[in-house]
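# Tertiary structure, described
Single-letter residue listing:
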Amino acid sequence: MDRTLLLVDDEENILSALNRLLRRDGYRILTANGGQAGLEILKQNEVGVIISDQRMPEMNGTEFLSKVKELYPDTVRIVLSGYTDLNSITDAINRGAIYKFLTKPWDDELLRENIQKAFRHYELARENEELREELKAANEALSAVNQDLEQRVEDKTREVVRNLGLLQVSQEILEHLPVGVVGVDDDGMIAVANRMAHELFTGGDAAPLVGDFARGRLPEELLACQQGDMDEGHRKLVLQLPDGRRARCWCYDMGQHSHAKGTVMVAELEE
């Protein structure tokens, strides 16, 4: 990024001397012979550091730099003058209009060093502002992500609550069916079993079927029903129950209407 320096002085020889001294430092140097001309230049150029004389006709240096502070607050403003009106200079410094006051005649190396420091001050302030903007943008993006996440969580919570309600209704319907219903997953675990299934298949065993392995809890003939050819979408058999009654049983492979895998077994007592 170019370092642009604005020199403001009503004496042409001062502007020429400063130009010769400072151009070796690689600055883009602009000059103005008064405060109003300096303001016009600032309208067209991004300036990092301004060096202004104090005693100038129409508008003195502190008046000029005070206006610059209002219009271009990021600029670093320096007074270079042999005119030591301490009251006006001190007041301008206290109001933040002036970064530093240097006197004429100047020491070349000291002036160059102060200008270098002024540009570093300007660039650091710009970097901090860019970081603040990036942080602000990041915070706004994070806030949007959080709001989206909260909405997704809220939507998912409503879905879970709704599905839980449907599951409870489905379970209650199963409990009132006059047939036994058992669902066995791919691992052989009983995932679903209604009251009638427990009554038909356990022979009075009080332990629940759900959560237990089908082998050992269900009749072997019923488990064998999971294998073999299907007839009209199911397999069927007649089963002798532990209490001597007989039940007609149907086995259905899951996955035709859902992503579930396993077997559903339905049993109905023969009259």
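Located above this text is the structure these notes cover.
Residues numbered from 1 in each chain as written. Predicted model: local features only at pLDDT ≥ 70, side-chain atom pairs only at ≥ 80, totals over all residues. Heavy atoms only, no water.

## So, helix α2 (residues 35–44)
- Regarding α2, the residues found buried are Gly35, Gly38, Leu39, Ile41 and Leu42. The buried side chains of α2 occupy one side of the element, clustering within an arc of 160° when seen end-on. Seen from the open side of α2, the exposed residues pointing more than 90 degrees away from its buried face are Lys43 and Gln44.
- Considering only its buried residues, α2 is in contact with β1 (4–8), β2 (28–32), β3 (49–52) and α3 (61–71). (Buried < 20%, exposed > 50% of the residue type's maximum accessible area, 1.4 Å probe, protein only. Helix = DSSP H or I, 4+ residues; strand = E, 2+ residues; numbered from the N terminus. Arc of directions from axis to C-beta. Contact = heavy atoms within 4.5 Å.)

## Some thoughts on the sheet that holds β3
- Taking strand neighbours across the sheet as the criterion, the five strands line up as β2-β1-β3-β4-β5 in an open arrangement whose pairing is parallel. At either end of the open sheet lies a strand with only one pairing partner, and these are β2 and β5 (100–103). Adjacent strand axes in the sheet meet at a mean angle of 20°, parallel and antiparallel pairs treated alike.
- Relative to β5, strand β4 (residues 76–81) runs parallel, the two being bridged by four bridges. Directly across from Leu80, in β5, lies its bridge partner Leu102.
- Contacts from α2 reach β1, β2 and β3 within the one sheet, and its direction differs from that of β2 by about 140°. (Pairing = 2+ DSSP bridges. Axes fitted to C-alpha atoms, helices over the stretch in contact; angles between N-to-C directions.)

## Quick look at the environment of Ile190
- Inspection of the secondary structure assignment puts Ile190 in strand β7 (residues 190–193).
- For the pair Ile190 and His234, spaced 44 residues apart in the sequence, the C-alpha separation amounts to 19 Å.
- When neighbours within four sequence positions are excluded, Ile190 is seen to be in contact with Val182, Gly183, Val184, Leu209, Val210, Gly211, Asp212, Phe213, Ala214, Arg217 and Leu218.

## Digging into the pattern of salt bridges
- Evaluated as defined, the whole model comprises 18 salt bridges.
- Arg3 is the salt-bridge partner of Glu123, the closest N and O atoms lying 2.7 Å from each other. Pair noted here: Glu123 is in helix α5 (residues 108–176) and Arg3 is in the segment before β1, with a separation of 120 residues, a long-range link.
- For Glu123, a relative accessible area of 18% corresponds to the buried category. (Salt bridge = Lys/Arg side-chain N within 4 Å of Asp/Glu carboxyl O.)

## Concerning the packing of aromatic side chains
- Applying the stated criterion across every chain, the model contains one aromatic pair.
- Their ring planes at 20° and their centres at 5.0 Å tell us that Tyr27 and Phe119 sit as a pair that is stacked. Of this pair, Tyr27 sits in the loop between α1 (12–22) and β2 while Phe119 sits in helix α5, placing them 92 residues apart in sequence.
- Take Tyr27: its relative accessible area is 8%, and that puts it in the buried class. (Phe/Tyr/Trp six-rings, centres within 6.5 Å; stacked < 30°, edge-to-face > 60°.)

## A word on unusual backbone geometry
- Here Lys104 and Pro105 are connected by a cis peptide whose omega angle stands at -10°.
- Examined against the element boundaries, Pro105 turns out to sit in the loop between β5 and α5.

## Points about α1
- Among the residues of α1, Ile14, Leu15, Leu18, Leu21 and Leu22 are the ones counted as buried. Within α1, the buried residues cover an arc of 130° as seen down the axis, which keeps them to one side. Away from the buried face of α1 by more than 90 degrees, exposed residues Glu12, Asn13 and Arg20 are located.
- Next to the buried residues of α1 lie β1, β2, β4 and α5.

## Description of the side chain of Thr263
- Mapping Thr263 onto the fold places it in strand β10 (residues 262–269).
- Here Thr263 falls in the buried class, since its relative accessible area comes to 5%.
- Apart from the residues within four sequence positions on either side, Thr263 is in contact with Val182, Gly183, Val184, Gln226, Cys251, Tyr252, Asp253 and Met254.

## Concerning the nonpolar core
- Judged by nonpolar contacts, the single largest core of 21 residues is most densely connected at Val182, Val184, Ile190, Phe201, Leu218, Leu222 and Met265.
- Counting only elements with at least two residues in this core, the list comes to β6 (180–185), β7, α6 (195–201), α7 (220–224), β9 (246–253) and β10.
- Among the elements that make up this core, the one with the highest residue count is α6 (four residues).
- With near-sequence residues (within four places) excluded, Phe201 lies in contact with Val182, Arg217, Leu218, Pro219, Leu222, Leu239, Leu241 and Ala267. (Core = buried A, V, L, I, M, F, W, Y, C linked by side-chain atoms within 4.5 Å.)

## Quick look at the sheet that holds β7
- Ordered by their spatial adjacency, five strands build an open sheet running β7-β6-β10-β9-β8, and the pairing between neighbours is antiparallel. Unpaired on one side and paired on the other, β7 and β8 (235–240) mark the two borders of the sheet. The mean angle between the axes of side-by-side strands here comes to 20°, regardless of whether they run parallel or antiparallel.
- Here seven bridges tie β9 to β10, and the two strands are oriented antiparallel to one another.

Fair warning: the whole summary comes from geometry, so function is off the table for now.
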